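Summary of the model geometry
Chain residues, written in single-letter form:
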Amino acid sequence: MAEVIDGEFTAFVTERGPALLRVAYALAGNQHAAEDLLQNALAKAYARWPRIRGDAEPYVKRILYHDQVSGWRRRSRRAEVPFAELPDRAAAGPDPDLRLLLREALRALPPRQRAVLTLRYLEDLSVDQTAALLGCRAGTVASQTAKALARLRQLVPGLDELTSRTEVTR
Amino acid sequence: MTRVLDETLRTAVRDLADGVGPAPDLAGRALGRGRRLRRRRRVATAGAAVLAVVAVTLPFVLLRPGPAAPPATPTPTVIPSPTMLATPGASWTAKPLVLPGGWVVTRAQTTTGSGKGFLLDRGRGHYITTDRYDGIFPAPTGSLVAVHDNNRPRDIGLIDLASGKTRWYMVGRALSAPRWSPDGRRLLFTTTQLDHEGFIVLETDGTKHTHPVDRRAYFCTDYCDFTWTRNGREVALPQTGGSGHNEAFRDKRRGVQLFSADDGRPTRLVPVPGDPTGPWAWSPDGTLVVVQGQQEPLLVETATGRVVNPLPSADAVWLSDDRLLYRRPLGTGDFVLTDPSGRELVRQPLPRELVGLEVTIAPR
């Protein structure tokens, strides 16, 4: 029987592992932490495999996000990736530069802010859906989104300027 | 937030996610970690049993007289031992297997559900072998059996053993295993479908009642299945009660939140430090409940959450206000009738064929 479970589990990870790792990477901000986060979620899924088989992906995703929630509480802000210097001003730069700067700035966000943005923009969830998945209030999601945006504006001063310019010229 | 800023952020987050590299042997490493996790949980359960034994043994060890002063007259030490019943014979499948206290074995199957198992046909009074479905869940009374087929993950089948008819009902997505109400008239499912989290009650005529539960207000992590309470009118959801997280243990609980099974309305919080496994974990008078605590099974008071004593198993059923029945987690998994302190009164070994199987029991 153990062979059957192992076979099913391995097939699941082989098929869905890369997509789940992508989510974990967006949450964790680096490869090592992403693999650790995902392996932890997969291990929990394996331990409960007979009960979750068939619906394993939502289960694993939920653990990914909840472990991130636990991580907020355990680590506070220590898991924030240091952003040693403010990036150069990007107002005059082309979009690829802005995206590069933004990607680096996202890494510098505290984990919970990054998690909220991941749910909103990678998973395309609404504020309410994000709050339900994280087990917090919609107001908390909104405030975390606002704080994340403020931090991104601080790290990428050209953000508003460029997006406003693009808006005008559309 | 402007639409362009919105899109810029979306692109940036996806850029970030796209930066992920390949993870070699992800499945193999996750398997290893998963096995270790499962072992730790088993060790935690076994540790609870060892602790119970130690708790009983330690006073004898501490009070044992020193060797230098032998007593003038030997004092016999009375060590209470349970009454050992005989192992059922080879023809045990010919009639209901009755356990101490009068309950019967209704099903025996591997944990994963597949492979050969045994199912009690109450009407005919004997066991039939089963190997067709991926999950078999006999009602605690009557002739209905719920079945699950992995090829139909959203459905549940109801077999009436009396008539031999099977009816399939669509329940929903992301479902837990079904749990029968104590009266065998309703099935409870936990649904973890995104944006539709909550519980579903299915009547045996196929009528379905879906009750969304706000997970922000009723926060649960780790093991979060709804279970029936003993009166069958409410269902319970464990509530996470602390910020600490240790992979080796379950998440801390602040209690279980009860909801009306009829309309999904939250009714009350029972402040117990763990998860009841089902309706029979609640004592008949409602004052005590057996829960799986963070590290071990516990007997606790429902009014205060005070731990009365640890128990070897959380899968315990209350037969009366002073008798519990559960399967010993160690050895060959005998069933034992105990008092609330966990003192074994009667022990019933199982037939050899059932020793390695998951066993379901119900009132006779």
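For the structure itself, consult the block above.
The structure reproduced in this document is the subject of the present report.

The rules behind the values
- Residues numbered from 1 in each chain as written.
- Chains lettered and ligands numbered in written order.
- Predicted model: local features only at pLDDT ≥ 70, side-chain atom pairs only at ≥ 80, totals over all residues.
- Heavy atoms only, no water.
- Contact = heavy atoms within 4.5 Å.
- Salt bridge = Lys/Arg side-chain N within 4 Å of Asp/Glu carboxyl O.
- Polar contact = N/O pair within 3.5 Å; in protein donor to acceptor, adjacent residues only side chain to side chain.
- Helix = DSSP H or I, 4+ residues; strand = E, 2+ residues; numbered from the N terminus.
- Nonpolar A, V, L, I, M, F, W, Y, C, P; charged D, E, K, R; others polar.
- Axes fitted to C-alpha atoms, helices over the stretch in contact; angles between N-to-C directions.
- Parallel < 35°, antiparallel > 145°, perpendicular 65-115°, else oblique.
- Pairing = 2+ DSSP bridges.

1. Quick word on the interface of chain B and chain A
Each side of the interface is counted separately: chain B has 56 residues, and chain A has 67 residues. Across the chain B-chain A interface, the total number found is seven salt bridges. Residue Asp6(A) is joined to Arg35(B) by a salt bridge in which the shortest nitrogen-to-oxygen separation is 2.4 Å. The tally of links between chain B and chain A comes to 10 residue pairs in polar contact (both at pLDDT 80 or more). Looking at the side of chain B that touches chain A, the element that brings in the most residues is helix H1 (residues 3–18) of chain B, giving 15 residues. Here the residues of the side of chain B that touches chain A sort into 22 nonpolar, 15 polar and 19 charged.

2. Some words on the packing of helix H6 (residues 111–122) of chain A against helix H8 (residues 138–155) of chain A
Residues and elements named next belong to chain A. It is at 9 Å that the axes of H6 and H8 come closest, and there the two elements cross at 105°. When the axis of H6 is compared with that of H8, the two are roughly perpendicular. Of the residues in H8, those in contact with Arg112, Gln113, Val116, Leu117 and Arg120 of H6 are Val141, Gln144, Thr145, Lys147, Ala148, Arg151 and Leu152. Of the residues belonging to the contact of H6 with H8, the class tally is five nonpolar, three polar and four charged.

3. Comments concerning the sheet that holds strand S14 (residues 234–240) of chain B
Residue and element names in this part refer to chain B. The four strands lie next to each other as S13-S14-S15-S16, forming an open sheet whose pairing is antiparallel. The open sheet has two edge strands, strand S13 (227–228) and strand S16 (266–270), and neither has a second partner. Across seven bridges, the pairing between S14 and strand S15 (residues 253–260) is antiparallel. By the bridge assignment for S15, Leu237 is matched with Gln257.

4. Focus: the pairing of strand S6 (residues 144–148) of chain B
Consecutive side chains along a regular strand alternate between the two faces of the sheet. Residue and element names in this part refer to chain B. Pairing of strand S5 (residues 135–138) with S6 involves four bridges; the strand directions are antiparallel. Paired with Pro138 across the strands is Val145, a residue of S6. Connecting S5 to the antiparallel partner S6 that follows it, the hairpin turn spans five residues, and Gly142 within it adopts a positive phi of roughly 85°. Direction of pairing for S6 relative to strand S7 (residues 155–160): antiparallel, over a ladder of four bridges. Among the inter-strand pairings, Ala146 is bridged to a residue of S7, identified as Leu158. What sits between the antiparallel neighbours S6 and S7 is a turn of six residues.

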